[in-house]
Amino acid sequence: MSQLETQYKNFLSDEPESKFTFDEWKLWMAKSIEDSMKRLSTENDLCEKHWILKREGSCVKCMEENNK
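Residues numbered from 1 in each chain as written. Predicted model: local features only at pLDDT ≥ 70, side-chain atom pairs only at ≥ 80, totals over all residues. Heavy atoms only, no water.

**Considerations on the pattern of salt bridges**
Applying the stated rule across the entire model yields 5 salt bridges. Lysine 26 serves as the salt-bridge partner of aspartate 23, at 3.3 Å between the closest nitrogen and oxygen. You can see aspartate 23 and its partner lysine 26 sitting in helix α2 (residues 22-43), 3 residues apart, about one turn around the helix. The exposure class assigned to lysine 26 is partly exposed, which follows from its relative accessible area of 32%. Among the ionic pairs, lysine 49 bridges to glutamate 65, the shortest N-O distance being 2.7 Å. Here lysine 49 is found in the loop between α2 and α3 (60-66), whereas its partner glutamate 65 is found in helix α3, with 16 residues between them in sequence. You can call glutamate 65 partly exposed: its relative accessible area is 37%. (Salt bridge = Lys/Arg side-chain N within 4 Å of Asp/Glu carboxyl O. Helix = DSSP H or I, 4+ residues; strand = E, 2+ residues; numbered from the N terminus. Buried < 20%, exposed > 50% of the residue type's maximum accessible area, 1.4 Å probe, protein only.)

**Here's the deal with the side chain of serine 41**
Within the secondary structure, serine 41 is located in helix α2. Contact partners of serine 41, with chain neighbours within four places excluded, come to Leu46, Glu48 and Trp51. (Contact = heavy atoms within 4.5 Å.)

**Examining α2**
Taking 1.5 Å per residue, 22 residues should reach 32 Å; α2 reaches 31 Å between its end C-alpha atoms and fits that length. Looking one or two residues past α2, aspartate 45 carries a phi angle of roughly 55 degrees, positive in sign. (Expected span 1.5 Å × (residues − 1).)

**Details of the packing of helix α1 (residues 3-14) against α2**
Running from N to C, α1 and α2 cross one another at 95 degrees; their axes reach a closest spacing of 11 Å. The angle between α1 and α2 places the two elements in the roughly perpendicular class. Facing α1, whose interface residues are Leu4, Glu5, Gln7, Tyr8 and Phe11, α2 presents Phe22, Trp25, Lys26 and Trp28. Taken together, the residues of the contact of α1 with α2 break down into 6 nonpolar, 1 polar and 2 charged. (Axes fitted to C-alpha atoms, helices over the stretch in contact; angles between N-to-C directions. Parallel < 35°, antiparallel > 145°, perpendicular 65-115°, else oblique. Nonpolar A, V, L, I, M, F, W, Y, C, P; charged D, E, K, R; others polar.)

Okay, here's the thing in C-alpha cells:
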C-alpha cells in the first residue's frame, strides 16, 4: 500500500465523519501543504523556487539564472 493511501486511511480513522474521497483528500492535502510552505517562505524570507534564504531581497540562484 502506498504511503498516501496509508495517510488517507489514518485521516479517515481520525476523522470518521469526513466524506472526502481519496482524490478529494489529496487535493485538500496538497492545498494545505502549499499554504504552509508559502507561509514558511514568507516568515523566513525564503525563495519559493529554490527554498533558500534570500539575500537583500533576492535569491542568489534566481539572480544567477536571470543573468545567463
